[in-house]
Every structure is written in C-alpha cells, then in structure tokens.
Amino acid sequence: MSQQPHPSAADLRPDFLHSFLLDPARHSPDAPAVVESPEAGRTTVTSYAELRSHTDALAGALGALELEPGSRVILEADTSAPALAMLLACSQAGLTFVPVSPQTPQQRLETLIDTVRPALHLQAANGNRTDVPEAVGTGRFDRDGLTVERAPAHRPPRRRTPCPTDPAYIIFTSGTTGRPKGVVMSHRAVVAFYRGMLAHRIAGPDDRIASTSPLQFDFSLLNIGLALGSGAAVVPVSPQLVRWPRHLLRILRETGATQVNGVPSIWRQVLRHEPKRLAALTGLRGVLFCGEEFPLPELRRLQELLPTARIVNCYGATESMACSFEDVPNPLPEEVERLSLGTAHPGAEILLVDPDGRVVDEPDVVGEIHLRSPALFSGYWGDPEATRATLVPDPLCPESGQYVLRSGDLALRGTDGGYRFAGRVDSQVQINGNRVELGEVERRLTAHPGVTAATALPLPLPGGGTQLAAFVTLATGHCLDDPGDLWTFCAETLPPYMVPQEIRVLDRLPTTAHGKVDRTALLAEAGARA
Ligand SMILES: Nc1ncnc2c1ncn2[C@@H]1O[C@H](COS(=O)(=O)NC(=O)C[C@H](N)c2cccc(Br)c2)[C@@H](O)[C@H]1O
C-alpha cells in the first residue's frame, strides 16, 4: 500500500505571501474571506474562491506589463477586498508592494517615490490621487480588474526567478527621528511571523476579525495574516470611520465581527461615549491591541464591558512585524501596574542586553530587547547605515554571523518569566540633570482614579533648559477641583524632579496616522517647538 506523502504538496511549496494566505481557499472556497459594510444596511461578502479568482485576474493583468520581478508597486488604498486581491496579486506576480494611505500628503508620497523608484502607482477606482510623477506608471483597480492609465516605462526584464527572500513589501515608518525609513520585509520573514502568530490559536475559521489600522501600518498586514491564515474573515474598518464610535460599532454589529484588532486609542471615544452599545455586542469575543501601552484604567473599563472577551497584548516593531502575544487576565488584578508581554512567539526569542552589551539573565533587571527571529526585516531600503545600527551581531555569539533586531525598547523579565515593557531607550530623558523614565510618570498619573490616559514629555523652555510636562484625559463626569490634586498625587510617590511642573487636561490626546499618541502634536500644543 503506497504511503501517503508527508508533508502534503502544499506544505512543500516555497513560502510566498500569496500561497500562504490563499491556502485555506483550497479547503473552504465558499467561506467568507472579506466581509465589508461600507454603509448602513449594505454588507458585501467575498469568499475565498472569489478572492483567489480576483487575485489571479489581477496577477494576470500585472504579468502582461512585463515588469521585472522585484519592481516596486505603490498600493494606495484602505483595506478592502479589491485592495487585498491587489496586494496578493503583486506577491503572485513577483512584485514588491508599498502600501500607503489615501490620506498620505503629496509631498510625502513624492519622497517615498523618490526613495523606492516604483514602476507603478495603483489606487482604488475611486481614489483621488491625481499628480503622480511622470516617471511612474499609473493605474486603478476595483472588483472587476485593473485599468492601466499610464503604462510603466519599459525596462528590459532581467531574468529573475522570484525567491522567498525577495521583498514582499516595504513599509515606511513615520520614524521618530528624521527621514522615514522603508522597512523591507521578505516573503520568508512574513510567513515565518504568520506561523509564529498562528501557533497562539488566536482565531479560528468562524471568526470575523475587524482590522482598524490603515493599510500602510503593518498592523493591518498582521490582521490579514491572522484572518486568512486561520481560515477566518477580514472585516476592514476604514480609518476615517474608526474615530466615530457609532460608525465603528455599527460596522462591528452588521458584519458580525467576533474580534477587533487595533491600537489602544480606538477604544478611547467608544468607552467615553458609547459604553452601553459596546456592551451590547455580545458576539464580540476577542480584542487584540498593539503599538503602545494600553492605559490600564481604560483597559479595565473595556474588560468591564466585555467580561468574556479574550484580550491579547501584541508587542513588536515593524522590523519583525511583531514578536509576542500575551493574554491579558480578564479582569486584570488591581495590583497589576505593568502588562506582561509574555515571551516571543514560537520560533523566536527575546534577549535583554545591558548598556555594556551583556545579556541580562536575572529577573526584574532592565535591559534593551534584542529579538532573535526568522521574521526579521531585510534592512531599511537604501539605508545600510541605519540597517547596521538595527540588525546587530547576535550578542550571544557574534562569530556566528547571525543578526538580531536591536529594538530600542527596554524591558525586564518578571518572576513569572513574562517580559514587562519599560519604555523606550530614547524615552529616558534628562530633566535638568536628572534621568527621568517618562513611562513611570505616566503610570503614576493613570493610577489617579479620575485619569484615563496620560502622556509625559520633556518640554524645552524658551530660555533654555527643559521642563517636565504631562497631558491627561479624565474619566467622563470627572473634573479636577484643582489640577494641584494631580501634582500632589504624583509628589506622594515620585521624586521631585519627576513630578510634572505642568499638567494639562485635554478632552482627547492627539494621535498619529497610525493611531498612536502624537507627541510632536502635544509639544506644539504646549506652544514649544520640538
Ligand atoms: N504591545 C505594546 N506595548 C508597548 N509598546 C508597544 C507595543 N507594541 C508596540 N509597541 C511600541 O511600538 C514600537 C513599534 O512601533 S512600530 O514600529 O510603529 N510598529 C508598531 O507599533 C506596530 C507593530 N509593527 C506591530 C505590532 C503588532 C502587530 C503588528 Br503586524 C505590528 C515598539 O518598538 C514599542 O516601542
């Protein structure tokens, strides 16, 4: 009797993004892959089989342009079924996609085009981008296919066979310092990350996962991989609608979303204005957040409203997509002050390294997170110097030629073995000669019963020197009789130089395009120039 071949032919296929994500289509062609509800009462479902046929048709149209494998394609769109098919089609056609949001300012788009020199700029059929530089081909796509408006310049294609080490995509980070950097992620790295993430069994085939991040933020690519890799459905939520609680909750209700993935700030307005409508979404059984720390008062409030939901804290940087997934105990015990990041996903390892380059082994000692992983980025596009500063020799065995990701994040390992985020290396600021960990000031402020979120910042003073300032949002119906209360509250536990000299109450904290607290905007708000 012939032995069944182990493993199956599908398992032996090379690890490309499109083959990994469309595999479930083989087992469940009729299952929903994308569920969209752009407006009230209208819900569109795209099955795996339809997604695969859209992808094949678009890949055929791209193939007809005879672009050299590895050519870059700017993909300007919000997450949608056509955009997902276009992204998979680029992968299938051996092209590297560069996702950008339709809200990207023209100047930034041109900088990005100048950097990656794309062959093609593609946008949704209803996209508003008009003046794309002449050197770049242009086109539009929708459910029915691709329309090329300006053919890409013909370059004699060098014979290149697509390999899993080729760049699948390039994501530009806002970059806390200076010029945005293009993070190059290979097919092999992305698929390795997806495998590590799926080992946590966060979703299953009957899940519908709401993705609330812009396509240009790799969090959206995590959501696509989590959904399609689990045979579940993606529920795209436009970044324009996320900020309106009633729109967000309507979409979740009408699509039957079972899980919502997003940065912590997407919950702020919902918790403040629509707690009852949120609690009524009894189908919601999962929340995954990443990108920054979730202020604990808000997290506790979310848990009160969704007492049975599984809440996952996902930590990581774009340079490895992410690296850890840890369930948050629901309810979160009162005494907890720092959330656990857990440990790296299967197949990866977090190391803590002290300023002298030694690996920290003892618990409760802070070190800089260095990540060993098969999901590391290939480098920053056209920036070997920044790459060398981030992909550094393995501190455990520099001779091995192995590189690890130097994250810029500080953490300590708890006695339970889980890592605790302890701020950024660059968030250790000097305030008049004293070293201040901004996260510690923020944690004290959010421990005040009336405060829901807080951000602390070094404020440059006009006459020179630096002042510690803090910006807080208050719980609904809570007003501070006297901001001095907060000052006194901080002074009870923090040394004088860590008590913010200035505390401002805001209705809402400004956020970046990715939904993170926008510190630059806060500095401007405080009238100081960064
Ligand atoms: N869960 C946390 N607790 C605390 N601090 C976090 C967490 N997740 C991040 N961060 C911070 O954000 C930095 C990174 O920023 S980033 O490069 O823009 N990428 C991101 O934020 C998103 C990140 N790529 C990501 C995370 C999860 C899934 C996917 Br898919 C992508 C990290 O270095 C951390 O400083």
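Residues numbered from 1 in each chain as written. Predicted model: local features only at pLDDT ≥ 70, side-chain atom pairs only at ≥ 80, totals over all residues. Heavy atoms only, no water.

Here we come to the overall build of the protein chain. Counting its regular elements, the protein chain contains 17 helices and 27 strands. Oriented by its inertia axes, the alpha-carbon framework of the protein chain measures out at about 70 × 60 × 60 Å. Evaluated residue by residue, the protein chain yields a buried proportion of 54% over its 530 residues. The long-range share in the protein chain, meaning contacts at least 24 apart out of those at least 6 apart in sequence, stands at 65%. When the accessible surface of the protein chain is totalled, it reaches about 23,300 Å², and 52% of it is carbon and sulfur. (Helix = DSSP H or I, 4+ residues; strand = E, 2+ residues; numbered from the N terminus. Buried < 20%, exposed > 50% of the residue type's maximum accessible area, 1.4 Å probe, protein only. Contact = heavy atoms within 4.5 Å. Areas by Shrake-Rupley, 256 points an atom, 1.4 Å probe, with all protein chains shown as cover.)

Bringing the packing of aromatic side chains into the picture now. A full pass over the atoms with the stated rule returns 8 aromatic pairs. The interplanar angle of 40 degrees and the centroid separation of 6.0 Å between the aromatic rings of Phe-193 and Phe-325 together place this pair among those described as tilted. With a gap of 132 residues between them, Phe-193 in helix H7 (residues 187-198) and Phe-325 in strand E15 (residues 324-328) connect regions that are remote in the sequence. Here Phe-193 falls in the buried class, since its relative accessible area comes to 0%. With a relative accessible area of 3%, Phe-325 lands in the buried category. Here the aromatic residues Phe-20, Phe-193, Tyr-194 and Phe-325 are joined through ring pairs into a cluster of three or more. In this arrangement the basic side chain of Lys-181 is found over the ring face of Tyr-380, its NZ or CZ atom lying 4.9 Å from the centre. (Phe/Tyr/Trp six-rings, centres within 6.5 Å; stacked < 30°, edge-to-face > 60°. Lys NZ or Arg CZ within 6 Å of the ring centre and 35° of its normal.)

What follows concerns the pairing of strand E12 (residues 259-262). In E12, alternate side chains face the same way, and those of Gln-259 and Asn-261 on one face and Val-260 and Gly-262 on the other are all buried. Here 3 bridges tie strand E10 (residues 208-211) to E12, and the two strands are oriented parallel to one another. Across the sheet, the residue bridging to Ser-211 is Asn-261, located in E12. In the sheet, E12 pairs with strand E13 (residues 286-290) via 4 bridges, with the strands oriented parallel. Note on E13: the bridge partner recorded for Gly-262 is Phe-289. (Pairing = 2+ DSSP bridges.)

Next up on the list: the packing of H7 against helix H8 (residues 218-229). Packing of H7 against H8 brings their axes to within 10 Å, and their N-to-C directions diverge by 60 degrees. At the point where H7 passes H8, the crossing takes the right-handed sense. The residues of H8 that touch H7, namely those facing Phe-193, Tyr-194, Met-197 and Leu-198, are Leu-221, Leu-222, Gly-225, Leu-226 and Gly-229. (Axes fitted to C-alpha atoms, helices over the stretch in contact; angles between N-to-C directions. Left-handed = near helix turned anticlockwise from the far one by under 90°.)

Quick look at the sheet that holds strand E26 (residues 466-474) now. Read across the open sheet, the 3 strands follow the order E25-E26-E27; overall the sheet is mixed. The strands lining the two open edges of the sheet, one partner per strand, are strand E25 (451-460) and strand E27 (502-505). In this sheet, adjacent strand axes meet at a mean angle of 20 degrees when their direction is disregarded. As paired elements, E25 and E26 share 9 bridges and run antiparallel to each other. Bridging from a neighbouring strand, Ala-454 pairs with Val-472 of E26. This element, helix H15 (residues 438-446), spans E25, E26 and E27 of the sheet and lies at about 145 degrees to E25.

A word on empty space enclosed by the protein. Taken as a whole, this structure holds 4 cavities of 30 Å³ or more when the rule is applied. Estimated volume of the largest cavity: approximately 50 Å³. Forming the walls of the largest cavity are Val-98, Pro-99, Val-100, Thr-104, Arg-108, Leu-112, Ile-171, Phe-172 and Gln-216. Mapped onto the lining of the largest cavity, the elements with two or more residues apiece are strand E4 (96-100), helix H6 (106-116) and strand E8 (167-173). Here the lining of the largest cavity takes 3 residues from E4, the largest share from any one element. Class assignment for the residues of the lining of the largest cavity results in 6 nonpolar, 2 polar and 1 charged. (1 Å grid on protein atoms, 1.4 Å probe; cavity = no way out; pocket = protein on both sides within 12 Å on 5 of 7 lines; lining within 4 Å. Points joined across faces, edges and corners; volume = space filled by probe spheres on them. Nonpolar A, V, L, I, M, F, W, Y, C, P; charged D, E, K, R; others polar.)

On to the site of the ligand, then. Taken together, 20 residues sit near the ligand, with Leu-222, Asn-313, Cys-314, Asp-409 and Lys-516 positioned nearest. Measuring from a nitrogen atom of the ligand, one finds a backbone N or O atom of Cys-314 at 2.8 Å. The protein chains hide 92% of the 680 Å² of surface that the ligand would expose on its own. Taken together, the elements giving at least two residues each to the shell around the ligand come down to H8, strand E14 (310-315) and strand E22 (419-424). Of the residues in the shell around the ligand, the class split is 10 nonpolar, 4 polar and 6 charged. (Near = heavy atom within 4 Å. Polar contact = N/O pair within 3.5 Å; in protein donor to acceptor, adjacent residues only side chain to side chain.)

Two numbers describe how helix H4 (residues 48-63) lies on helix H5 (residues 81-92): the axes approach to 8 Å, and their chain directions differ by 55 degrees. Accordingly, the angle class assigned to the pair H4 and H5 is oblique. In this structure, H4 crosses over H5, and the sense of that crossing is right-handed. Contact with H4, carried on its side by Leu-51, His-54, Thr-55, Asp-56, Leu-58, Ala-59 and Leu-62, involves Ala-81, Pro-82, Leu-84, Ala-85, Met-86, Leu-88, Ala-89, Cys-90 and Gln-92 of H5 and no other residues of that element. (Parallel < 35°, antiparallel > 145°, perpendicular 65-115°, else oblique.)

This part is about the layout of surface pockets. Roughly 820 Å³ of internal volume is contained in the second largest pocket. Around the second largest pocket, the lining is made up of 29 residues, and of these Asp-78, Thr-79, Ser-80, Ala-124 and Asn-126 lie nearest the centre. Put simply, the parts of the chain that give the lining of the second largest pocket at least two residues each are strand E1 (32-39), strand E2 (42-47), H5, strand E5 (120-124), strand E6 (137-142) and helix H9 (239-242). Grouping the constituent residues of the lining of the second largest pocket by class yields 12 nonpolar, 10 polar and 7 charged.

Turning our attention to the state of the cysteines. Within the structure shown, the criterion is met by 0 disulfides. Just so you know, Cys-290 is unpaired, no disulfide at all, and the nearest cysteine sulfur is the one on Cys-314, 5.2 Å from it. Its relative accessible area of 11% is what places Cys-290 among the buried residues. (Disulfide = S-S within 2.5 Å.)

We now examine the environment of Thr-343. Tracing the backbone through its elements, the reader meets Thr-343 in the loop between strand E16 (340-342) and strand E17 (349-353). A relative accessible area of 43% places Thr-343 in the partly exposed class. Linking Thr-343 and Ser-324, residues 19 residues apart in sequence, is a C-alpha distance of 5.9 Å. Discounting residues that sit within four places of it in the chain, Thr-343 has contacts with Cys-323, Ser-324, Phe-325, Gly-417 and Tyr-419.

Alignment of strand E23 (residues 428-431) against strand E24 (residues 434-437), held across 4 bridges, turns out to be antiparallel. Bridged to Gln-428 within E24 is Glu-437.

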